[in-house]
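Fold and geometry: a report
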Protein chains: 4
Amino acid sequence: MLKNDVQNEKDYRDITIDKVGVKNINYPIIVEDRTNTIQHTIANIDIFVELTKDFRGTHMSRFLEVLNSYHQETLIDNLESFLKDIKTTLGSNSSYIKLQFPYFVNKKAPVSRIESLLNYQCEFEASLKEKFDFVIGVSVPITALCPCSKEISEYGAHNQRSIVTLKVRYQDFIWLDELIEYVESSASCEVYSLLKRVDEKYVTEKAYENPVFVEDIVREIALKMRNDNRITWFSVESENFESIHNHSAYAFVEQHTK
Amino acid sequence: MLKNDVQNEKDYRDITIDKVGVKNINYPIIVEDRTNTIQHTIANIDIFVELTKDFRGTHMSRFLEVLNSYHQETLIDNLESFLKDIKTTLGSNSSYIKLQFPYFVNKKAPVSRIESLLNYQCEFEASLKEKFDFVIGVSVPITALCPCSKEISEYGAHNQRSIVTLKVRYQDFIWLDELIEYVESSASCEVYSLLKRVDEKYVTEKAYENPVFVEDIVREIALKMRNDNRITWFSVESENFESIHNHSAYAFVEQHTK
Amino acid sequence: MLKNDVQNEKDYRDITIDKVGVKNINYPIIVEDRTNTIQHTIANIDIFVELTKDFRGTHMSRFLEVLNSYHQETLIDNLESFLKDIKTTLGSNSSYIKLQFPYFVNKKAPVSRIESLLNYQCEFEASLKEKFDFVIGVSVPITALCPCSKEISEYGAHNQRSIVTLKVRYQDFIWLDELIEYVESSASCEVYSLLKRVDEKYVTEKAYENPVFVEDIVREIALKMRNDNRITWFSVESENFESIHNHSAYAFVEQHTK
Amino acid sequence: MLKNDVQNEKDYRDITIDKVGVKNINYPIIVEDRTNTIQHTIANIDIFVELTKDFRGTHMSRFLEVLNSYHQETLIDNLESFLKDIKTTLGSNSSYIKLQFPYFVNKKAPVSRIESLLNYQCEFEASLKEKFDFVIGVSVPITALCPCSKEISEYGAHNQRSIVTLKVRYQDFIWLDELIEYVESSASCEVYSLLKRVDEKYVTEKAYENPVFVEDIVREIALKMRNDNRITWFSVESENFESIHNHSAYAFVEQHTK
């Protein structure tokens, strides 16, 4: 008995689907690493295409076939080529990929200089229509110490871990590590996996000397984005997991800078 | 010793903050319920304002004070008034709220007519600048049975739970329950908390008789949105947690319909 | 055509199933509230029975039927009766239920006395074999300020939000509110949803005056459990979301006290 | 000014802390791989020790120092030595580690034989008191097709993705891959990342030919555990994300087999 290729049926509903594809694929990838050339990590991946109004369905298995063919490639270098292959293979006008992955940086403690690895959740988001669009992002844990709490209190000041997410479009290459440094230098203090006593004294005092509101964090980073000529667009948000509340303080800024 | 109101300090960095405020507040709310007039539920709430470039910080405690003053109100009826109060109290040009909450509907099993409660994750998202903007959304669990699997197999067809998220803007009032029905009538079959044997036979056969791709689900809903004159904009996405894969199939459509 | 009741088939594999049933049901419930008599909330519920080695399957729909029959009951008062009904209806020797739900307490800010609601994630876990066993638990957000950081630093001290989970078995009734107070009084400071300037000064200074390690938190609570004659068993854990690291500090103690 | 080592203070509360240490560390690790000798992956790690009643605190930074010294080691081979070092370095009578990580297996589609990677969440949990205790576990996504739905319906049968978690203690080495195979061979069908049309037909029909209740899944695996002489203890649970409900069906068995 002959079976129809149901996905290939003509569709008469006159509705183009903006994005259709596969979501939440776990997959080992290779990313560029400023210190070690490359880094092996594991991504959570979504891949979509636009589906023209004329066809009933897309071919889900082809997304995986193209992904498998890029298994040994450094993805940040090859995303445009990957998206071209997706467009061709799926017969679509536009293709889209999002990858989220942990990225590890070997950090030296501020006084003892002992090294330890810190994980940063990172993201590449790329699309290809007529033009290629590419956004890279980092989520950076930092310490934020409250200026108001310091000002009004005889001693101490509440502080907490915050997660700052910075995303950029650029016209010249920029490392994930550089985005991380832009965020960390805008905090009350950066965080580390391993701190000895001398280091803990240092980070405690440094945070107390550098109080920042959630508003200050995003504004300081925004200034740095404006001053980096490679950046053409950015968004930055900070979520401060307040140590005196059971909710977060939050701020968000998005700007085109070129 | 006189303490400064640090938030009120003048800011010279020339950066307007798009959104600043409180995030991830758990709070009991009252929503309108088509069957029972009102329903008590518990929301996860974000509330933000725009912060003009002239001030260093916003006053986080005032968000909670305004929220507390609306504690006994039916929120869907009062969101514009709430956002006006936020603007006034925080001295801002624009205010924003997002509420996510479970909403329960008492459903009758299709054959036995036994009743049980099903939970739907819902969302209100509203902002007030010069004009008031309001989006309501529902996330609806459904059964999706694969047309390709049915077509090519001698017997059986893989099927799975999908979550369909439908968001709309409207010009005349629409119940959450109506959005839920639009989604459920576009599925292979709707889901229930309690099914007896006669019901399980019914839903199994109904799903087999109504195979839908993830693409079909969003297109069928899109057609209904176009045909409902109250709707002015919608977005719909379906994530199918494939029973034959460890990832999801996904489709998304967004359209202005007026 | 006659259909078999497949669940009722005899099983020959000689394997008793410890727990079988339904998991992750969202359901509105009523719990007792020390201040307001009752509180409506929404629970995530698991209900299981033991399945003797003689039968192939259990009847999943009956769990929901029994749950529905308790819809209007205050659950903490009726869990033993509920579990008896589950045993009878499912024909089992043992039954089990776990409910997790947010519980709201109206707290007064420490200086301004302004009121606001704080949410605590709570848990009831009950089983009925020959005897009824019942555990109640609360997860309480608190502020923890590090004694080492305070001691070694010229000024300031890192502090963070911690979540302390306390579970108890008791021989005389104890309110969730009492467990919450045992935890909050063992912290550097308790947290609030709404704090004015005078309150923020108070909580900042109080936390600085009461530094506690994660070890101190669980030990202080353990002492209180030993001194409360109603308590027969407890477990307490604290997870401190360190503001200077991207990981948590953690401690756990479990003891029979009678 | 001389600063005290606050953690080293004598404690008089007479409470031994069962577990104290660091939680939720993200860290790249190396695990043994049956096919490729080794596999690089990323773990979420907790490391604890017992803290005797005589001391106020443990030294959190030392956990990281020991972890860093094992950075290039294949962890499954070296966990006992790791836990010895933790005991020595922290001066404790007992130490504990838990690692959770994705593990990738290259699977061939059942008919086309096309290869693709599937991810399995795995776990090592080890403790060292007088004796070394070691548990390995795998979480395996599978297809489960309902025997009752098949029996009572004229055509079709509801099926869904399930996650089966199998943990074992063993007296002779066993691969993670072997545990995965024990689970997959007990399902209606195994799942794959990449399936062509011929494969989709195969898995659809295979699942329809092999209906299993959640109870059958755990019992079939339990039988295999009893028959593998290397296994001394196991626990197995299956959570079926029902395609006809918004909740899960669940079963759990735990047994000593030696």
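Because the structure is a prediction, the values reported are computed rather than measured.

Along the backbone of chain A there are 6 helices and 9 strands. Overall, the C-alpha framework of chain A stretches about 80 × 40 × 35 Å when taken along its three principal axes. Once local pairs closer than 6 in sequence are excluded, the contacts in chain A between residues at least 24 apart make up 65%. Accessible area of chain A: about 9,700 Å², with a carbon and sulfur share of 46%. Of the side-chain charges in chain A, 30 are positive and 40 negative, and the distance between the mean point of each set is 1 Å.

The transformation that overlays chain B on chain A combines an axial shift of 0.0 Å with a rotation of 180°, and the residual RMSD is 0.0 Å. This pairing of chains is accounted for by a two-fold axis. Among all C-alpha atoms of chain B, that of Glu254 of chain B lies closest to the rotation axis, at 11 Å. Residue by residue, 100% of the interface of chain B is reproduced at the interface of chain A, so both copies engage with the same surface.

As a further point, take the domain arrangement of chain A. Size of an interface, as often reported, equals the accessible area lost when the parts are brought together. All names here are of chain A. In terms of domains, chain A is made up of domain 1 (11–108) and domain 2 (140–258). Taken together, the contacts link 9 residues of domain 1 with 11 residues of domain 2. With both sides pooled, the region where domain 1 packs onto domain 2 buries about 870 Å², and carbon together with sulfur makes up 59% of that total. The interface formed by domain 1 and domain 2 contains 3 salt bridges. Put simply, Glu184 and Lys107 hold a salt bridge, and the shortest N to O gap is 3.0 Å. Linking domain 1 with domain 2 are 5 residue pairs in polar contact (both at pLDDT 80 or more), by the criterion used here. Contributing elements (two or more residues each) for the side of domain 1 that touches domain 2: strand S1 (17–33) and strand S3 (95–108). No other element matches S3, which puts 5 residues into the side of domain 1 that touches domain 2. Of the residues that constitute the side of domain 1 that touches domain 2, the class distribution is 4 nonpolar, no polar and 5 charged.

This next bit is on the state of the cysteines. Overall, the coordinates contain 0 disulfides over all chains when judged by the stated rule. Among the cysteines around Cys146 of chain A, which has no disulfide bond, Cys148 of chain A carries the closest sulfur, lying 5.1 Å off.

Turning next to the pattern of salt bridges. Counted under the stated rule, the structure contains 84 salt bridges over all chains. Here Asp54 of chain D ties to Lys53 of chain D by a salt bridge, and the two come within 3.6 Å at their closest N and O atoms. Overall, Asp54 of chain D belongs to the partly exposed group, its relative accessible area being 31%. Within this structure, Glu9, Asp11, Arg13 and Arg56 of chain A together with Asp216, Arg219 and Glu220 of chain B form a network of salt bridges that share partners.

So, about the interface of chain B and chain A. Taken residue by residue, the interface counts 57 residues in chain B and 57 residues in chain A. Interface area for chain B against chain A, summed over the two sides, is near 4,500 Å², with a carbon-plus-sulfur share of 54%. Run the count over chain B and chain A and you get 8 salt bridges. In this structure, Arg56 of chain B engages Asp216 of chain A in a salt bridge whose closest nitrogen and oxygen atoms are separated by 2.7 Å. Between chain B and chain A we count 30 residue pairs in polar contact (both at pLDDT 80 or more) in total.

Attention now goes to the pairing of strand S1 (residues 17–33) of chain B. Two faces belong to every sheet, and in a regular strand the side chains alternate between them. With 5 bridges joining them, strand S9 (residues 248–256) of chain A and S1 of chain B adopt antiparallel strand pairing. Residue pairing for S1 of chain B: Tyr250 of chain A is matched across the bridge by Gly21 of chain B. Both S1 of chain B and strand S2 (residues 37–51) of chain B contribute to a ladder of 13 bridges, which runs antiparallel. Its bridge partner being in S2 of chain B, Glu32 of chain B is matched across the sheet by Ile38 of chain B. Between S1 of chain B and S2 of chain B, which pair antiparallel one after the other, the connecting turn spans 3 residues.

Take the interface of chain B and chain C next. Taken residue by residue, the interface counts 27 residues in chain B and 27 residues in chain C. Roughly 2,000 Å² of surface becomes buried between chain B and chain C when both sides are summed, with 59% attributable to carbon and sulfur atoms. Among the residues chain B hides against chain C, the three largest losses belong to Ile42, Leu117 and Arg197 of chain B. Together they make up 24% of the total. There are 4 salt bridges connecting chain B and chain C. A salt bridge links Glu65 of chain B to Lys196 of chain C, with the nearest nitrogen and oxygen atoms 3.1 Å apart. Put simply, chain B and chain C have 6 residue pairs in polar contact (both at pLDDT 80 or more) between them. Counting residues per element, the ones that place at least two in the side of chain B that touches chain C are S1, S2, helix H1 (60–69), strand S3 (95–108) and strand S4 (115–128) of chain B. Of the residues assigned to the side of chain B that touches chain C, the class counts are 11 nonpolar, 9 polar and 7 charged.

Residues and elements named next belong to chain C. Summarising the sheet, strand S5 (residues 132–145) and strand S6 (residues 159–170) pair through 10 bridges and their orientation is antiparallel. Along S6, the bridge assignment pairs Ala144 with Gln160. Sheet analysis places S6 next to strand S8 (residues 231–240), joined by 9 bridges and oriented antiparallel. Within S8, the position partnered with Ile163 by the bridge is Glu239.

All names here are of chain C. Inspection of the secondary structure assignment puts Asp11 in the segment before strand S1 (17–33). We classify Asp11 as buried; its relative accessible area is 5%. Spatially, the C-alpha atoms of Asp11 and Lys258 are 42 Å apart, while their sequence positions differ by 247 residues. Separated by 2.7 Å, the side chains of Asp11 and Arg13 make a polar contact.

A few words now on unusual backbone geometry. A positive phi is found at Asp14 of chain A, a non-glycine position, where the angle reads about 65°. By the element assignment, Asp14 of chain A lies in the segment before S1. Relative accessible area serves as the criterion here: at 43%, Asp14 of chain A is assigned to the partly exposed category. Located in the positive-phi region is Thr37 of chain D, a residue other than glycine, with phi close to 70°. Position of Thr37 of chain D relative to the elements: it lies in strand S2 (residues 37–51).

Turning to the environment of Lys84 of chain A, a few remarks are in order. Residue and element names in this part refer to chain A. One can find Lys84 in helix H2 (residues 75–90). Judged by relative accessible area, which is 47%, Lys84 ranks as partly exposed. Linking Lys84 and Val31, residues 53 residues apart in sequence, is a C-alpha distance of 19 Å.

Attention shifts here to a nonpolar patch on the surface. Residue and element names in this part refer to chain A. Together, Val111, Val198 and Tyr202 make up a nonpolar patch on the protein surface, roughly 250 Å² of accessible area in all. For Val111, the position within the fold is in the loop between S3 and strand S4 (115–128). Classification of Val111 as partly exposed rests on a relative accessible area of 41%.

So, on to the relation of the copies chain B and chain C. Overlaying chain B on chain C yields an RMSD of 0.0 Å, the required transformation being a rotation through 180° with an accompanying axial translation of 0.0 Å. A high fraction, 100%, of the interface residues of chain B reappear at the interface in chain C, so the copies pair face to face through one surface.

Okay, helix H5 (residues 197–209) of chain C next. Relative to the 18 Å expected for 13 residues at 1.5 Å per residue, H5 of chain C spans 18 Å between its end C-alpha atoms, a close match to the ideal helical length. What H5 of chain C keeps buried is the set Asp199, Glu200, Val203, Thr204, Glu205, Ala207 and Tyr208 of chain C. Buried residues along H5 of chain C sit in contact with helix H3 (147–152) of chain A together with S5, helix H3 (147–152) and strand S7 (189–190) of chain C.

Here we take up the environment of Asn229 of chain D. Along the chain, Asn229 of chain D falls in the loop between helix H6 (214–227) and strand S8 (231–240). For Asn229 of chain D, the contacting residues outside a window of four places in its chain are Gln171 and Lys258 of chain D.

Reading the values: rules and limits
- Throughout, residues of each chain are indexed from 1 in the direction in which the sequence is written.
- To label them, take the chains in the order written and letter them from A, then take the ligands in the order written and number them from 1.
- Note on the predicted model: pLDDT of at least 70 is required for a residue's local features to be given, and 80 or more for side-chain atom pairs to be given and counted; whole-chain, interface and lining totals, by contrast, use all residues.
- Hydrogen atoms and water are omitted, and side-chain values are computed over all heavy atoms in the structure.
- Secondary structure elements follow DSSP: runs of H or I of four or more residues count as helices, runs of E of two or more count as strands, with numbering from the N terminus.
- When checking whether two residues touch, look at their non-hydrogen atoms; a contact exists if any pair is within 4.5 Å.
- Here the open area of atoms and residues is found with the Shrake-Rupley method and a 1.4 Å probe, where only the protein chains shown may cover a residue.
- Two residue types count as positive, namely Lys and Arg, and two as negative, namely Asp and Glu; His and chain ends fall outside the count.
- Lysine's charge is taken at NZ, arginine's at CZ, aspartate's at CG and glutamate's at CD.
- Here the copies are superposed with least squares, the fitted atoms being C-alpha atoms of residues at a pLDDT of at least 70 in both.
- Boundaries between domains were set according to an automatic or database domain assignment.
- Accessible-area loss on putting two parts together, using a 1.4 Å probe and summing over both, is the definition of buried area adopted here.
- Think of a salt bridge as a Lys or Arg side-chain nitrogen and an Asp or Glu carboxyl oxygen that are within 4 Å of each other.
- Here a polar contact is taken to be a pair of N or O atoms separated by no more than 3.5 Å, where protein atoms must pair a possible hydrogen donor with a possible acceptor and residues adjacent in sequence count only if both atoms sit in side chains.
- Under the scheme applied, nonpolar residues are Ala, Val, Leu, Ile, Met, Phe, Trp, Tyr, Cys and Pro; charged residues are Asp, Glu, Lys and Arg; polar residues are all the others, including Gly.
- Cysteine sulfur atoms that pair up within 2.5 Å are treated as a disulfide.
- The buried label goes to any residue with under 20% of its type's maximum accessible area, the exposed label to any with over 50%, and the partly exposed label to all in between, with areas taken from a 1.4 Å probe on protein chains only.
- Here, a strand pair is defined by DSSP locating no fewer than two bridges between the strands.
- Candidate patch residues must exceed 30% relative accessible area and have no salt bridge, after which like charges are joined if within 9 Å and Val, Leu, Ile, Met, Phe, Trp or Tyr side chains if within 5 Å.
- Expected helix span is taken as 1.5 Å per residue step, with the number of steps being one fewer than the number of residues.

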